[in-house]
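Here is how the chains run, residue by residue.
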Amino acid sequence: MGRASLFFVAFVAFSTTAFPPPARAAEAPFEPSLVRLAEILGSLHFLRNLCGEPGEQWRGEMEKLLLAENPDPARRAKFIASFNRGYRAYAGTYTSCTASATEAIRRYMKEGEELTREVAGRYGN
């Protein structure tokens, strides 16, 4: 191995120990709750429209969540993927409003309220 190669290997070894890669930010303790809330909003967006409440209310609530959190691109993508997962979970199953769809709406409304109250109460300003 030539002298330049040895220098390069030594430099790389030194730089990786002297300048470690930046640490990833620790996930906030409320992160799983917000991801779940995004999924619930997606489900409600589909189900409420299916059951006769046309509009963008639940997509609007998702936009408010994103504005409030101001997430970095990776975290934003995670929230959006969760919203879309909730939407698609029912879009692939329901074509009309049924008793089980209205029950799902009721349950998601309750869970969404509880999550919102818990996060705001525990971590809010």
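**Some words on the overall build of the protein chain**
Next, step 1: Looking only at helices and strands, the protein chain features five helices and zero strands.
Next, step 2: Mapped in sequence order, the helices and strands of the protein chain form the string α-α-α-α-α.
Next, step 3: Sorting the 125 residues of the protein chain into buried and exposed places 29% on the buried side.
Next, step 4: Accessible area for the protein chain stands at about 8600 Å²; split by element, carbon and sulfur atoms hold 59% of it.

**Focus: the layout of surface pockets**
The gaps left among the atoms become clear once a water-sized probe is rolled over them.
Next, step 1: In this structure, the largest pocket encloses a volume near 490 Å³.
Next, step 2: Taken together, 22 residues line the largest pocket, and the ones lying closest to its centre are L34, L37, L65, G112 and T116.
Next, step 3: Counting only elements with at least two residues in the lining of the largest pocket, the list comes to α2 (31-50), α3 (57-69) and α5 (99-123).
Next, step 4: Ranked by residues supplied to the lining of the largest pocket, first place goes to α5 with nine residues.
Next, step 5: In terms of residue class, the lining of the largest pocket is made up of 15 nonpolar, three polar and four charged.

**Comments concerning the pattern of salt bridges**
Next, step 1: Counted by the stated rule, this structure contains 13 salt bridges.
Next, step 2: E39 is paired through a salt bridge with R85; the nearest N and O atoms lie 4.0 Å apart. In this pair, E39 sits in helix α2 while R85 sits in helix α4 (residues 73-91), placing the two residues 46 residues apart along the sequence.
Next, step 3: Of the charged contacts, one joins R106 and E103 as a salt bridge, the two residues approaching to 2.6 Å between their closest N and O atoms. One end of the pair is R106 and the other is E103, both in helix α5 and three residues apart, which spans about a single turn.
Next, step 4: The exposure class assigned to R106 is partly exposed, which follows from its relative accessible area of 45%.
Next, step 5: Because the salt bridges share partners, they merge into one network encompassing E31, E69, R75 and K78.

**As for the environment of I80**
Next, step 1: Tracing the backbone shows I80 in helix α4.
Next, step 2: Sequence separation of I80 and M62 is 18 residues, and the distance between their C-alpha atoms is 8.5 Å.
Next, step 3: Leaving out residues up to four positions away in the same chain, I80 has contacts with M62 and L66.

**Concerning the side chain of R75**
Next, step 1: By the secondary structure assignment, R75 is in helix α4.
Next, step 2: Ignoring anything within four residues of it in the chain, the contact list for R75 reads F30, E31, L34 and E69.

Reading the values: rules and limits
Residues numbered from 1 in each chain as written. Predicted model: local features only at pLDDT ≥ 70, side-chain atom pairs only at ≥ 80, totals over all residues. Heavy atoms only, no water. Helix = DSSP H or I, 4+ residues; strand = E, 2+ residues; numbered from the N terminus. Buried < 20%, exposed > 50% of the residue type's maximum accessible area, 1.4 Å probe, protein only. Areas by Shrake-Rupley, 256 points an atom, 1.4 Å probe, with all protein chains shown as cover. 1 Å grid on protein atoms, 1.4 Å probe; cavity = no way out; pocket = protein on both sides within 12 Å on 5 of 7 lines; lining within 4 Å. Points joined across faces, edges and corners; volume = space filled by probe spheres on them. Nonpolar A, V, L, I, M, F, W, Y, C, P; charged D, E, K, R; others polar. Salt bridge = Lys/Arg side-chain N within 4 Å of Asp/Glu carboxyl O. Contact = heavy atoms within 4.5 Å.

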